Amino acid sequence: MDIIVCMKMVPDTSETEVRVDSTNKDILKVRLIYTTNEADNYALETALLLKEKLGGTVTLISVGPQKVDEVLRMGLAKGADRAIRLTDELFDKGDAWTTAKALAQAISQNKYDLVLSGCIASDDGYSQIGPTLAALLKIPSAAYVNKVEVLDNTKLRIDRELEGGILERKEISLPALLTIQTGTNTPRYASIIGIKRAGAKPLDVFDAAKLNLDAQALAGLTELDKMYMPKVESKAQFIQGSDDEISDKLATLVKEKAGL
Amino acid sequence: MISLLIEIREGQIKDITYEMLTLAHKLAAAQKQEITSIILSDNCQQYADTIKQYSHKIICVEDPLLANFNTQVYLPVLSNIINDTKPNLFLIASSGFGTDLAPYLAASLNLPLITDIFDLELNPDNMLARRSMYGGKINADIISKSLPAIATVRVGSFEKILASNLLIPNLSAEITKLPFLIDPSILEMSKFIEYGEVPTTGIDITKSDILIAVGRGIKEQKNLAAVEKFAQDIGGTLACTRPIIDAGWLPKDRQVGSSGKTVKPKLYIALGISGAFQHISGMKSSENIIAVNKDPEAPIFSVAHYGVVGDLLKILPLLANRINALKG
Ligand SMILES: Cc1cc2nc3c(=O)[nH]c(=O)nc-3n(C[C@H](O)[C@H](O)[C@H](O)COP(=O)(O)OP(=O)(O)OC[C@H]3O[C@@H](n4cnc5c(N)ncnc54)[C@H](O)[C@@H]3O)c2cc1C
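All residue numbers refer to positions counted from 1 along the written sequence of the respective chain. Chains and ligands are labelled by the order in which they are written, letters from A for the one and numbers from 1 for the other. This being a predicted model, a pLDDT of at least 70 is required before a residue's local features are given, and a value of 80 or more before pairs of side-chain atoms are given or counted; all residues contribute to the totals for chains, interfaces and linings. Neither water nor hydrogens contribute to the side-chain values; these are computed over all heavy atoms in the structure.

K.L.:
Quick question: what am I supposed to make of the sheet that holds strand β12 (residues 222–228) of chain A here?
P.N.:
Backbone-to-backbone hydrogen bonds pair the strands of a sheet. The strands run either parallel or antiparallel. Taking strand neighbours across the sheet as the criterion, the four strands line up as β12(A)-β10(B)-β9(B)-β8(B) in an open arrangement whose pairing is antiparallel. Among the strands making up the open sheet, the edge pair consists of β12 of chain A together with β8 (119–122) of chain B. The sheet shows a mean angle of 25 degrees between the axes of neighbouring strands, taken without regard to direction. Here, any two strands with at least 2 DSSP bridges between them count as paired. Think of it this way: any DSSP run of H or I at least four residues long counts as a helix, any run of E at least two long counts as a strand, and we number them from the N terminus. Alignment of β8(B) against strand β9 (residues 127–133) of chain B, held across four bridges, turns out to be antiparallel. Residue Leu120(B) lies in a different strand from β9(B), and its bridge partner there is Ala129(B). Every axis in this analysis is a line fitted to C-alpha atoms, fitted for helices over the stretch in contact. Angles between the N-to-C directions lie between 0 and 180 degrees.

K.L.:
Can you walk me through the packing of aromatic side chains in this structure?
P.N.:
Aromatic rings considered in pairs are described by the distance between their centres and by the relative angle of their planes. Residues and elements named next belong to chain B. Pairing of aromatic rings covers Phe, Tyr and Trp, the last through its six-membered ring, and needs centres within 6.5 Å; plane angles under 30 degrees mean stacked, over 60 mean edge-to-face, and all others mean tilted. Under the definition given, this model contains five aromatic pairs over all chains. Summarising the aromatic geometry, the rings of Tyr-18 and Tyr-54 are spaced 6.3 Å apart at their centres and angled 80 degrees between planes, so their arrangement reads as edge-to-face. One end of the pair, Tyr-18, is in helix α1 (residues 15–31); the other, Tyr-54, is in the loop between α2 (45–51) and β5 (57–62), with 36 residues separating them in the sequence. By relative accessible area, which is 6% here, Tyr-54 ends up buried. Between Phe-69 and Phe-97, the aromatic rings sit 4.3 Å apart at their centres with planes inclined by 10 degrees, giving stacked as the arrangement. Placement of Phe-69 in the loop between β5 and α3 (71–85) and of Phe-97 in helix α4 (residues 96–109) is noted, with a sequence separation of 28 residues between them. Using a 1.4 Å probe on the protein chains alone, a residue whose accessible area is under 20% of its type maximum counts as buried, one over 50% counts as exposed, and one in between counts as partly exposed. Residue class for Phe-69 comes out buried when judged on its relative accessible area of 4%. Phe-97 sits in the buried class, given a relative accessible area of 4%. Geometrically, a charge over a ring is one whose NZ (Lys) or CZ (Arg) sits within 6 Å of the ring centre while staying within 35 degrees of the ring normal. Above the ring of Phe-277, the side-chain terminus of Arg-154 is found at 3.6 Å from the ring centroid.

K.L.:
Sorry if this is basic, but what is going on with the site of the ligand here?
P.N.:
Residues and elements named next belong to chain B. One heavy atom within 4 Å of a molecule or strand is enough for the residue carrying it to be called near that molecule or strand. Every one of the 30 residues lining the ligand counts as a neighbour, but Lys-219, Thr-241, Gln-255, Ser-259 and Ser-274 are closest to it. A distance of 2.6 Å separates a nitrogen atom of the ligand from a polar atom in the side chain of Ser-259. Each polar contact in these results corresponds to two N or O atoms within 3.5 Å; when the atoms are within protein, one needs to be able to donate a hydrogen and the other to accept it, and residues that are neighboring in sequence are counted only if both atoms are side-chain atoms. Interatomic distance of 2.6 Å between a side-chain N/O atom of Ser-274 and an oxygen atom of the ligand. Considered on its own, the ligand offers 990 Å² of accessible surface; in the complex 91% of this is hidden by protein. The set of elements that each furnish at least two residues to the shell around the ligand consists of α7 (242–246) and α8 (277–280). Here the residues of the shell around the ligand are counted per class, giving seven nonpolar, 16 polar and seven charged. What sets the accessible areas is the Shrake-Rupley method with a 1.4 Å probe; for residues, cover comes only from the shown protein chains. Polar here means any residue outside two lists: the nonpolar Ala, Val, Leu, Ile, Met, Phe, Trp, Tyr, Cys and Pro, and the charged Asp, Glu, Lys and Arg; Gly therefore counts as polar.

K.L.:
Looking at this structure, I do not really get the sheet that holds strand β7 (residues 141–152) of chain A. What am I missing?
P.N.:
Strand order in the open sheet formed by 10 strands is β11(A)-β5(A)-β4(A)-β1(A)-β6(A)-β10(A)-β7(A)-β8(A)-β9(A)-β13(B), and the pairing between neighbours is mixed. Looking at the sheet topology across the chains shown, the edges are occupied by β11 (203–206) of chain A together with β13 (190–197) of chain B. Along the sheet, successive strands turn relative to each other by an average axial angle of 25 degrees, direction set aside. As paired strands, strand β8 (residues 155–161) of chain A and strand β9 (residues 166–173) of chain A are joined by seven bridges and run antiparallel to one another.

As structure tokens, then:
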């Protein structure tokens, strides 16, 4: 089975302050650590497990600046066969639709049975690229997938996650696109040998012209107007002091509220 | 015209439908527009009867093939409806269904889509939608460059519409039944089989008055033992965020949030939890919420009643000692 995995590099902001920059259209990008989008790691692992079972190839694809090679090389080190980076100012100017168009154009030049992506990006949270890409490729798709079984060479049986712990089980014919939910498997670490080999694996770079895309084709359908800090209407009463003092006050509070 | 897709799962109209109707009324009243509700089902009448009082028009498409949600089956049906009726705005739930459908539908029709919005303004030639980014740490306003546009609406962003308090009262929608023109071979591409449930281990966190919930701030699996012990000491039950489940540190029935359980204990202690929307939506109605987080800007503090900015790995052992001392 030939599988394409869409990967995104995102800043890890779970434990850091996030501030809007002076353009009001982006966050301040200083001192941020960049990593692979969490859900994309599960998408890659899904691909690698299928390849181990069925043979075939895994191709990684990412839109972004040269820096995303770190994400792609790490994926190659884990066992993907080759990588494609799409880099052009025109890709940065648009929206999710623009990104999906660039991906669709590049992917359609390859042979594939399955396209995978993470179900959501931890930065913008759009959850939009996967099914958009599927529509552009004219293949069926399923979002928030957390289980993939291969029925035969033409069909998958999948579970999709719905609200409240309910799963939707369905069958989908290949070629198809799935967006993979976190927790679907246990993403592997790259081995030392894998990391050494990754450097020799092909990583091709395409710009808009090479993909036959121009500004008009890549124009977004939406526009970011502005970013701002949410108004936090915190009604929380903050308990302050040294760790000891905090623990004293907290213990009294917990005892009262827990009815001990 | 403002249109919305009624969300039905296992024979039930989901709450998000009534929340979207509140938004639709707000926009329609301001703009003097009409509201069209769209029902796709194997049996529309019961749903139409419920929704009638909130809409100017109802479009029903009825067929056994529409008994369960399926993007590939919905797609041609909704594309036809949108092409024929040209609504300014088409609302879909930001749910397991809507997230699967909306981007596919928007891309097929070449229409702008803004996902997971919690507020929206409709202008004569665009929509401006508000949504959050970076796990709730930033908000963004996004504009569709044209209309018609599609938006998916975040669950819990609007109150459910109330028949006794309607911005546009005295509605009784005229119901149009459209024929179903789907080629059943679509099911070869994508076919609903059944609903399933995540297996449980017998613990029901929704039944506990006291929940001690841990998030990624707990850092390592081995740190869970101390929290479990603390939970026992105060008669509580251990719960957690999704990443703890994803890592395999606790079984799925301990998860609080939109894809886990919704809980309302008397006391909810959140340890090292950032407070992502998907988590908060499952615990914000707890009577007392105490949050410990080293990041003073963590969104969890927006729903907490008591907050501690600090390192839980330092505070927890001190707290556990004192609780045991107080219990004497
Ligand atoms: C479709 C979908 C459904 C989802 N459903 C759910 C759901 O049901 N439930 C759920 O919880 N999530 C759900 N999520 C995931 C959700 O978006 C967040 O990723 C998740 O809630 C974050 O978990 P966390 O707070 O444990 O981790 P993080 O966001 O990484 O936060 C960790 C926090 O710990 C703090 N911290 C770190 N070290 C310390 C320390 N030593 N002391 C004190 N604080 C510390 C940090 O400041 C940070 O705020 C869902 C996501 C999607 C896309």
